[in-house]
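Structural description and commentary
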Amino acid sequence: TEKAGKPEIDEAVKKLLALKAEYKAATGSDWKPGAAPSSPAAPAGGSGDALNLATAAQGDLVRKLKTEKAAKPEIDEAVKKLLALKAEYKAATGTDWKPGAAPAQVKQQSPKQEVVAGQKDGPGGELSAKVAAQGDLVRQLKTDKKPKEEIDMAVKQLLALKTEFKAATGSD
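Residues numbered from 1 in each chain as written. Predicted model: local features only at pLDDT ≥ 70, side-chain atom pairs only at ≥ 80, totals over all residues. Heavy atoms only, no water.

**What to know about the overall build of the protein chain**
In terms of helices and strands, the protein chain carries 5 helices and 0 strands. Along its sequence from the N terminus, the protein chain presents helices and strands in the succession α-α-α-α-α. Contacts in the protein chain between residues at least 24 apart in sequence constitute 49% of all its contacts with a sequence separation of at least 6. When the accessible surface of the protein chain is summed, it comes to about 12,000 Å², and 60% of that surface belongs to carbon and sulfur atoms. (Helix = DSSP H or I, 4+ residues; strand = E, 2+ residues; numbered from the N terminus. Contact = heavy atoms within 4.5 Å. Areas by Shrake-Rupley, 256 points an atom, 1.4 Å probe, with all protein chains shown as cover.)

Listed below in structure tokens is the structure:
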């Protein structure tokens, strides 16, 4: 195989650095090989559901970093993002964010009120989104070959959400 020329390498390095900068702007943390991207902050004026999910995901990330005894600057950065999301949620909905609470409606409805998994607005749609997010988390934990206890805890949460969804909607 031939070596690439210096101009080609320089162009590839510039592109890589630009992508890394874009990743950092979107997630607030440096890119690391094999790292799952943390959920980006919802845009200003995002829906209450989107802000609720983003805040919950960021809270999960903070808990994960703390249990893994991550470096203090990394935890501090994640906590700052969590606090910013909570402030954004309060600005959008007029109420404080609480874990597990149904999100308050945003004062101005977002046009992106997609139906998730064929469910209408209301608890079914919200629970469906939670089930999907938890399922994604379980898959990511398995992909990252996390400890069995951590995966089992996430699966238990997924099963509880599925049970709650079935009780609320009457369907699986």
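That covers the picture; the talk isn't over yet.
**Comments concerning the environment of Ala87**
Position of Ala87 among the secondary structure elements: in helix H3 (residues 72-93). Accessibility expressed as a relative area gives 46% for Ala87, which makes it partly exposed. Sequence separation of Ala87 and Thr55 is 32 residues, and the distance between their C-alpha atoms is 9.9 Å. (Buried < 20%, exposed > 50% of the residue type's maximum accessible area, 1.4 Å probe, protein only.)

**Section: a nonpolar patch on the surface**
On the surface, Ile9, Val13 and Leu17 cluster together to form a nonpolar patch covering roughly 260 Å² of accessible area. Within the secondary structure, Leu17 sits in helix H1 (residues 6-27). On the basis of relative accessible area, Leu17 is assigned to the exposed category, the value being 52%. (Patch = residues over 30% accessible without salt bridge, like charges linked within 9 Å, V, L, I, M, F, W, Y side chains within 5 Å. Salt bridge = Lys/Arg side-chain N within 4 Å of Asp/Glu carboxyl O.)

**Thoughts on H1**
With 22 residues, H1 extends 31 Å from end C-alpha to end C-alpha; this agrees with the ideal 32 Å at 1.5 Å per step. Where H1 ends, the next residue or the one after it, Gly28, has phi of about 85 degrees, a positive value. (Expected span 1.5 Å × (residues − 1).)

**Details of the confidence of the model for the protein chain**
On average, residues of the protein chain score 76 in pLDDT, and 78% of them are at 70 or above. Summarising per-element confidence for the protein chain, the mean pLDDT is lowest in H1 (80) and highest in helix H5 (residues 148-169) (88). Here residues 39-45 scores under 50 on pLDDT; set against residues more than four positions off or in separate chains, the count is 15 contacts. Segment residues 108-120: pLDDT under 50, and 15 contacts once partners within four positions in sequence are set aside and those in other chains are kept. (pLDDT = per-residue confidence, 0-100.)

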